[in-house]
Amino acid sequence: MRSSASSASATPSLSSKVESYYLAKSGRPLRYEPAEHISIIEVPNFPSLGKLTAFRFLEWVQDNPNGVISLPTGKTPEYFIKWTKHFLANWENADVQKELAEVGIDTTRKPSLSGLHFVQIDEFYPIDPAQRNSFHYYVTKYYIRGFGLDPDKALLIDPTAIGIPEGHSIDTVFPDGKVDLSLRSRNAMNPQEDLQAKVLLAVDQFCTEYEDKIRVLGGIGFFLGGIGPDGHVGFNARGSHLHSPTRLTLTNYETEAAAATDLGGIEVSRNKPVITIGLGTIAFKKDAVVIVFAAGDGKSKVVGDAVHNGRNVEYPASILQDMPNARFYLTFGATTKLEERRLDDIARAEKIGEEQIEMVVINRSLALAKRLDQLTVADAAGDRALEAILAKTGRQLPEAAQWARQRILDKLRTGMNDRDNETILHTGPHHDDIMLAYMPYVMHLVRNATNKNYFNVLTSGFTAVTNKFLADIFRDVHQFLLAGDYDKDLATGVFEPDNPVARAEEVYHFLDGIAASDDVRRRRSQARRMLFNLMGVYEDEEFENIAQRVTENLHYLETLYPGKKDIPIIQKLKGMQREYEEELIWGYVGTSPNDVFHTRLGFYTGDIFTEQPTMARDVAQILPLIEKLKPTVVSLAFDPEGAGPDTHYKVLQVLSDALLQYNKKTGKSPYVWGYRNVWFKFHPAESNIFVPVSLNTLAVMNDSFMHCFGSQKSASFPSYEYDGPFCYQAQKLWVKQFDMIKTCLGERFFTDNPSPRLRACRAMVFIKGMELSEFAGKARTLAQATEAVKGA
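Residues numbered from 1 in each chain as written. Predicted model: local features only at pLDDT ≥ 70, side-chain atom pairs only at ≥ 80, totals over all residues. Heavy atoms only, no water.

J.: Explain the pairing of strand 1 (residues 39-43) here, please?
T.: Where a strand is regular, its side chains alternate between the two sheet faces. Among the five residues of strand 1, five are classified as buried, and the element is accordingly described as predominantly covered. Across the two faces of strand 1 the burial is the same, with Ser39, Ile41 and Val43 and Ile40 and Glu42 all buried. Taken together, the five bridges between strand 1 and strand 10 (residues 326-331) define a ladder with parallel strand orientation. When the bridges of strand 10 are listed, serine 39 appears paired with arginine 327. (Buried < 20%, exposed > 50% of the residue type's maximum accessible area, 1.4 Å probe, protein only. Helix = DSSP H or I, 4+ residues; strand = E, 2+ residues; numbered from the N terminus. Pairing = 2+ DSSP bridges.)

Structure, rendered in structure tokens:
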């Protein structure tokens, strides 16, 4: 139902040949009226989203060489930037000319971007524009210099140049980086607050003048932006006035969590104000091309809210409804809450797949809160997707529900089979991905002595370790060195480079410290591993020299601004700490440290846009391990649309290529377990392995996370969905998944079940098992979408 502040939406315009091409390719209308109030163009995956956007941008620039543009920051524009630069740099190339002509771009007119006026969308406040995590730095690097824009025609936001009195800097005005916006309306309590109040007044005046300058230019003619987890566009969070101008404002938790990685942790981003152009700024020029792009199911709800509901402050992107040239550019996953599109898919499908049937039947059970075996023919009424699928397949709801129930039972049986005589290679893009996805299953698998379990994390994960955490470990190293705690270890060869027994001791002694509630024992074991790492990195065995290095690194960490890209040595040490933590977590459940492998894939660099994986560099790193272990099962983070964290889908490509190479060499086809966790979730119908989880298992999972993943304990880089450690968010997800299955089967199925494991079930893990050929097919589509732009 449409709740509206305004019931009218603009008549869509389609004068773009690029959009006409992609619309025809998608087989969709621009809108499904009257349900949809914003025009939409769909593409299959994340890289394709960037390519479409680049084409549309270049087409617009051809017709508006002196126009006003406003382009986004963050990771979402990665492929937009790469494709735009690729096409401009290779405009005369025959293959590029063919691609441009195919989508309707005039190849005789290479766009010149030097005449464009650029408007920065937003900025954190306060922040120095020289910092590499400032948006000023980003737009200067990727757009002003990267696209060859004229800096004299750019409106940029430099907090250090706004109202700072002579003799002061932004750091002396706001020494702790915190801003109290109540100084706008209350009396200052001391000279420092008086200074801050005057600077805030100057910032408000800057925002007014910034807005005026945009309007003097005629408004923004081409706006491109993402949509945040709360639906924000720019930094216009949920609740922003639809006619809001440029302003200094606070955001909300979801936005702060999303910004934590940029700023060096939620401790920095929490309650940090921003300067942002307003929704009214974006919509000022009514015929502007305004594009909001989004990828993946995680964005489907905020997209659906903006598309289906009327213009409302709860849905910032609903401002697009009044603009004839406004669009959502979306991957298929981002459209999953758009009902008319799902109905159209059903109508056009030659055959309805079993997964699709199961999905709509389960959805009806959940919507009515009725067991599957209680659903009647009449219960289908009012569910348009269910009615359409039942009609097309010639089935009745009671029969389809019984069939879906049996499928759930089969999935439970599979999940309760702890396997025998398997060699399982558990892989993760990051160090907590495996445990946050299916640690309860691992706990059963490792107890079966006929199974061989190996763990391999494919990136170093250094970006998830805060400076403060590493500094605390360095202080421990320094303290234990001065106390002589490691002198005997040095004499007995503990720090020799090839000493796996000593490395295992550092794991086992830490675990002993957990058992004994002995914090000093844990810290000593962790510090010894860090000392070993320091000696290896610096190629120095003298404790006195290492102590000096520790002092130098402490100074570096304490003077570094949060969020700055680390120097290579600190990157390496942070990554080694995460690797140690991975050995701890699997040692906690009985895995030997020698069975935990660390593959530092080369594409993972800590840059905002990491390189594309390559066969020569990245696949070559993992293939020998697969050949050595000869796994019968390989697990991996499964995000075939490329909509989750970029490391996930890049690792997916590497593993796909490596497994296919392994198959080609040996003829062996390991079975694939695709998992998802707090970033990207399965519907029950998409999974075929349901693992029951008990309270005991949850307690073990949380305890192991909080003890072994010390770098993650403080949740400095949390999810926007939960303000706290990821283990508790994973628990909430698994409980929600169990509630879904409990609704489908009934509570008494579990409470009265003869199986103790099912009676004890209080949460549930979903996994998708696939033959190698099925997995490779899904991964290949994504690989093809990224292949052409490698190195661009």
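Having seen the model, we can carry on.
J.: Would you take a moment to explain the packing of helix 17 (residues 467-482) against helix 22 (residues 568-588) for this structure?
T.: Two measures define how a pair of helices packs: the angle their axes make with one another and the distance between the axes. Relative to each other, helix 17 and helix 22 sit at 80°, their axes nearing to 11 Å. The orientation of helix 17 relative to helix 22 falls into the category roughly perpendicular. The residues of helix 22 that touch helix 17, namely those facing Asn467, Phe469, Leu470, Ile473 and Phe474, are Ile570, Leu573, Lys574, Gln577 and Glu581. (Axes fitted to C-alpha atoms, helices over the stretch in contact; angles between N-to-C directions. Parallel < 35°, antiparallel > 145°, perpendicular 65-115°, else oblique. Contact = heavy atoms within 4.5 Å.)

J.: When you look at the packing of aromatic side chains in this model, what are you seeing that I'm missing?
T.: The description of two aromatic rings rests on the distance between their centres and on the angle between their planes. For the coordinates displayed, the defined rule picks out 34 aromatic pairs. An angle of 35° between the planes, with centres 4.7 Å apart, marks the rings of phenylalanine 124 and phenylalanine 135 as tilted. Note that phenylalanine 124 is positioned in strand 4 (residues 122-124) and phenylalanine 135 in helix 5 (residues 135-145), a separation of eleven residues in sequence. The pair formed by phenylalanine 124 and phenylalanine 135 is uniform in burial state, with each residue classed as buried. When the centroid spacing of 5.4 Å and the interplanar angle of 40° are considered together, the rings of phenylalanine 206 and tyrosine 210 count as tilted. One end of the pair is phenylalanine 206 and the other is tyrosine 210, both in helix 7 (residues 191-216) and four residues apart, which spans about a single turn. Like phenylalanine 206, the residue tyrosine 210 is buried in the burial classification. (Phe/Tyr/Trp six-rings, centres within 6.5 Å; stacked < 30°, edge-to-face > 60°.)

J.: Looking at this structure, how should I read the sheet that holds strand 4?
T.: Hydrogen bonding along the main chain pairs the strands of a sheet, whether they run parallel or antiparallel. Read from one edge of the open sheet, three strands run 4-8-7, paired in antiparallel fashion. Edge strands, defined here as strands with exactly one partner in the open sheet, are strand 4 and strand 7 (247-249). Going across the sheet, the axis of each strand differs from the next one's by a mean of 20°, ignoring polarity. As judged from the three bridges shared by strand 4 and strand 8 (residues 274-276), these two strands associate in the antiparallel manner. Its bridge partner being in strand 8, aspartate 122 is matched across the sheet by threonine 276. The strands that helix 7 touches are strand 7 and strand 8; relative to strand 7, the one it contacts most, it runs at about 130°.

J.: So what exactly am I meant to see when it comes to the environment of aspartate 212 here?
T.: Turning to its location among the elements, aspartate 212 is positioned in helix 7. With 125 residues separating them in the primary sequence, aspartate 212 and lysine 337 have C-alpha atoms 38 Å apart.

J.: Honestly, a negative patch on the surface in this entry has me stumped. Any pointers?
T.: There is a patch of like negative charges on the surface, built from Glu496, Glu541, Glu542 and Glu544. Its place among the elements puts glutamate 542 in the loop between helix 20 (519-538) and helix 21 (543-559). (Patch = residues over 30% accessible without salt bridge, like charges linked within 9 Å, V, L, I, M, F, W, Y side chains within 5 Å. Areas by Shrake-Rupley, 256 points an atom, 1.4 Å probe, with all protein chains shown as cover. Salt bridge = Lys/Arg side-chain N within 4 Å of Asp/Glu carboxyl O. Lys, Arg positive; Asp, Glu negative; His and termini not counted. Charge placed at Lys NZ, Arg CZ, Asp CG, Glu CD.)

J.: Please explain the nonpolar core as it appears in this structure.
T.: The tendency in soluble globular proteins is for nonpolar side chains to be buried as a group. One finds Val361, Phe750, Met764 and Phe775 to be the most contacted residues of the largest nonpolar core, which totals 64 residues. Considering every element that reaches this core, the biggest residue donor is helix 15 (residues 397-416), with eight residues. Every residue in contact with phenylalanine 750, bar those within four places of it in the chain, is listed here: Phe738, Ile741, Lys742, Leu745, Leu758, Arg759, Cys761 and Met764. Listed in part, the 52 residues of the second largest apolar core include Ile40, Leu183, Val233 and Val290. (Core = buried A, V, L, I, M, F, W, Y, C linked by side-chain atoms within 4.5 Å.)

J.: How should I be thinking about the sheet that holds strand 11 (residues 423-428) in this particular structure?
T.: With respect to topology, seven strands assemble into an open sheet ordered 13-12-11-14-15-17-16, the strand pairing being mixed. Here the strands that pair on one side only, and so sit at the sheet edges, are strand 13 (596-598) and strand 16 (689-694). Put simply, the sheet's adjacent strands are angled 25° from each other on average, direction ignored. In this structure, strand 11 lies alongside strand 14 (residues 633-637), joined through three bridges in parallel fashion. From the neighbouring strand, isoleucine 424 faces strand 14, where its bridge partner is valine 633. Across the face of the sheet, helix 24 (residues 646-666) comes into contact with strand 11, strand 14 and strand 15 (671-675) while running at roughly 155° to strand 14.

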